[in-house]
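Take a look at the letters that make up each chain.
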Amino acid sequence: MDVTINGARVYFEIPILGGIPITSSLVNAWVVMAVITGLCIWLTKELRVENISKKQAVAELLVNTCQNFVNGNMGERYAHFAPFIGALFSLSALCSLSSLLGAFPATSNLSTELAWALLVFGMITYTKIKTNGFGGYLKGFTEPIAVFTPFNIISELATPVSMAFRHFGNILSGGVISTLVYAALATASHALFSLLPGFLGELLGSIPFLQVGVPAVLSVYFDLFSSLMQAFIFCMLTMLYIANAAQTDEA
């Protein structure tokens, strides 16, 4: 669970089932997945070919947008990746956006991004082996010359690490900056209004007036724009890595 102390959300975990930790970020991910599942079920009810409802129009718009996004970046050959990319983007974006409701977002926990990155890494490796065969996959580590083999292995292993830390770092940094701004505004408010004489200064100095409004502007970037942008970047890297893996030795 998490509580708010001096404007900052503090993270806790509750061990149950023989010490297995059920963290606030894990619960957040479960809730977001349940919301996505519920929306998908609701949007796909009572589908029709003619005289479609507004709900179906929204569903078709979302599907077509996702499909065109994948086709445009990976090619129609990889159109079957659209459901995976759509699910990954939705989960990442909504987990991050849940911070607007005061929740501890799952994307503020490195294990979340690392799990996604390892899944993508598995798909990249599978695609390389499927395209070039296991022997061709191993041979790729020796190119352009054998002496580069250790560096190629390090580069391969760095892929999921870099993907995870890039996403995690950007989301977490937004939360840290917002918390520091909250604390600074509270201090500034106290210092400013404490200049008033007597009881009035003590009363107004205890109320963080400057925390009203300014943090909301920051949330537009850190909680809204940045959340959508990081989900977009993660999905874009996923598509490029997989597409490039399938083209490694085709020529």
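Rules used throughout
Residues numbered from 1 in each chain as written. Predicted model: local features only at pLDDT ≥ 70, side-chain atom pairs only at ≥ 80, totals over all residues. Heavy atoms only, no water. Core = buried A, V, L, I, M, F, W, Y, C linked by side-chain atoms within 4.5 Å. Buried < 20%, exposed > 50% of the residue type's maximum accessible area, 1.4 Å probe, protein only. Helix = DSSP H or I, 4+ residues; strand = E, 2+ residues; numbered from the N terminus. Contact = heavy atoms within 4.5 Å. pLDDT = per-residue confidence, 0-100. Phe/Tyr/Trp six-rings, centres within 6.5 Å; stacked < 30°, edge-to-face > 60°. Expected span 1.5 Å × (residues − 1). Bend = angle between axes of the 7 residues up to and from the residue.

Asker: Teacher, can you tell me more about the nonpolar core here?
Answerer: Across soluble globular proteins, nonpolar side chains show a tendency to be buried alongside one another. Of all hydrophobic cores here, the largest spans 30 residues; its most connected members are Val 70, Met 74, Phe 81 and Phe 234. Listing elements by their share of this core, those giving two or more residues are helix H1 (24-43), helix H2 (54-74), helix H3 (82-97), helix H4 (110-139), helix H5 (149-193) and helix H7 (214-246). The dominant element in this core, judged by the number of residues it contributes, is H7, at 9 residues. When sequence neighbours within four positions are dropped, the list of residues in contact with Phe 234 reads Leu 88, Glu 113, Trp 116, Ala 117, Val 120, Met 163 and His 167.

Asker: Looking at this structure, I do not really get the confidence of the model for the protein chain. What am I missing?
Answerer: Detailed conclusions should not be drawn from predicted coordinates in areas where pLDDT is low. Per-residue confidence for the protein chain averages 81 on the pLDDT scale, and 84% of its residues sit at or above 70. The weakest mean pLDDT in the protein chain belongs to strand E1 (residues 2-5) at 42; the strongest belongs to H3 at 92. Low pLDDT, under 50, characterises residues 1-8; the stretch is placed with 20 contacts to residues that sit more than four places away or in other chains.

Asker: What is the right way to look at the packing of aromatic side chains in this model?
Answerer: For the structure shown, the criterion picks out 5 aromatic pairs. Ring centres 6.4 Å apart and planes at 45° place the aromatic pair Tyr 78 and Phe 81 in the tilted group. The exposure class of Tyr 78 is buried, given its relative accessible area of 6%. Phe 81 gets classed as buried once you look at its relative accessible area, which sits at 11%. With a centroid separation of 6.5 Å and an interplanar angle of 80°, the aromatic rings of Phe 148 and Phe 151 are classed as edge-to-face. On the basis of relative accessible area, Phe 148 is assigned to the partly exposed category, the value being 34%.

Asker: Where do I start with H5 in this structure?
Answerer: Taking 1.5 Å per residue as the helical rise, H5 with its 45 residues ought to reach 66 Å, and the 64 Å between its terminal C-alpha atoms agrees with that figure. Approximately 35° is the largest bend angle found in H5, and it occurs at Ala 158, with the proline Pro 160 only one to four residues beyond.

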